[in-house]
Structure formats: C-alpha cells, structure tokens
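Results of the structural survey
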Amino acid sequence: MIAFTLYSRSYCHLCDDMLTQLNSYSQQYSFTVDVLDVDADEELLSLYDELVPVLIGRHPGGDAQRICHYHLDEAALRQFFAKV
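One structure accompanies this document, and this report is about it. (Residues numbered from 1 in each chain as written. Predicted model: local features only at pLDDT ≥ 70, side-chain atom pairs only at ≥ 80, totals over all residues. Heavy atoms only, no water.)

1. Some details on the overall build of the protein
- What the protein contains, in helices and strands, is 3 helices and 4 strands.
- Beginning at the N terminus, the succession of helices and strands in the protein can be written as β-α-β-α-β-β-α.
- For the protein, buried positions account for 35% of its 84 residues.
- When contacts within the protein are restricted to residue pairs at least 6 apart in sequence, long-range pairs at least 24 apart make up 61% of them.
- Just so you have it, the protein exposes about 5300 Å², and 47% of that area is on carbon and sulfur atoms.
- A gap of 10 Å separates the mean positions of the 5 positive and 13 negative side-chain charges of the protein. (Helix = DSSP H or I, 4+ residues; strand = E, 2+ residues; numbered from the N terminus. Buried < 20%, exposed > 50% of the residue type's maximum accessible area, 1.4 Å probe, protein only. Contact = heavy atoms within 4.5 Å. Areas by Shrake-Rupley, 256 points an atom, 1.4 Å probe, with all protein chains shown as cover. Lys, Arg positive; Asp, Glu negative; His and termini not counted. Charge placed at Lys NZ, Arg CZ, Asp CG, Glu CD.)

2. As for the pairing of strand β4 (residues 65–69)
- Two strands pair when backbone bridges link them, and strand β3 (residues 54–58) and β4 are joined in this way by 4 bridges, in the antiparallel orientation. Bridge pairing in β4 places G57 opposite Q65.
- In sequence, β3 turns back onto β4 through a hairpin of 6 residues, with G61 there showing a positive phi of about 75°. (Pairing = 2+ DSSP bridges.)

3. A look at the sheet that holds strand β2 (residues 31–37)
- As summarised here, the arrangement of the 4 strands in space is β2-β1-β3-β4, forming an open sheet in which the pairing is mixed. Strands at the two margins of the open sheet, each flanked by one partner only, are β2 and β4. Averaged over neighbouring strand pairs, the angle between their axes works out to 20° when direction is ignored. (Axes fitted to C-alpha atoms, helices over the stretch in contact; angles between N-to-C directions.)

4. With respect to the packing of aromatic side chains
- Evaluated as defined, the whole model comprises 9 aromatic pairs.
- Put simply, the rings of F4, Y25, Y29, F31, F80 and F81 touch in pairs and so form one group of aromatic residues. (Phe/Tyr/Trp six-rings, centres within 6.5 Å; stacked < 30°, edge-to-face > 60°.)

5. Structural notes on the state of the cysteines
- Scanning the model with the defined rule gives 1 disulfide in all.
- The disulfide partner of C12 is C15, and the S-S distance across this bridge is 2.4 Å. Taking the sign of the S-S torsion, 75° for the link of C12 and C15, the bridge is right-handed. Assigned by exposure class, C12 and C15 land together as buried.
- This cysteine, C68, is not joined by any disulfide, and C15 carries the nearest cysteine sulfur, 11 Å off.
- When its relative accessible area of 7% is taken as the criterion, C68 is described as buried. (Disulfide = S-S within 2.5 Å.)

This is the structure:
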C-alpha cells in the first residue's frame, strides 16, 4: 500500500488544505497518511520549517519521494499514483 507522510504544523491552513485534497483521492487509491508536526522535532524543523506542508510518498518497497510542498501538485500526485 502507498504510504504518505505529510510534514505539517498546527494552525497551518495550507497543511489542512493539502490533507483534505489528498484525502479526496482515497476513493480512487488505497493509501495511508501519517501527519507529522515539524515543530515537535528539531531535525524535522531544520529540514522542513519554511516548506510546510511537504508531502512525501512511498510505494511498497520503494524509496521515499518528495511530491510537493506548499500546495498539492495534483499533476505530480497523479504521476506518483501512476507508478504503482
């Protein structure tokens, strides 16, 4: 199953928007989403602070791939799903 990680933070409307848009694909595709708060981890904060939200996807047995940040790039997401 495809696994997504959404690097996010509290009170971030862009983060909420990206999660809502991503979840709209759940009727077409099977996937999980872990939402991680970058402010809760110093390493994540240093990596993603100014970029949140950041969406990372991983196919079963594959490497993690950054799909987009700030706004959901639907073309990049569809391309990612097509690689299944």
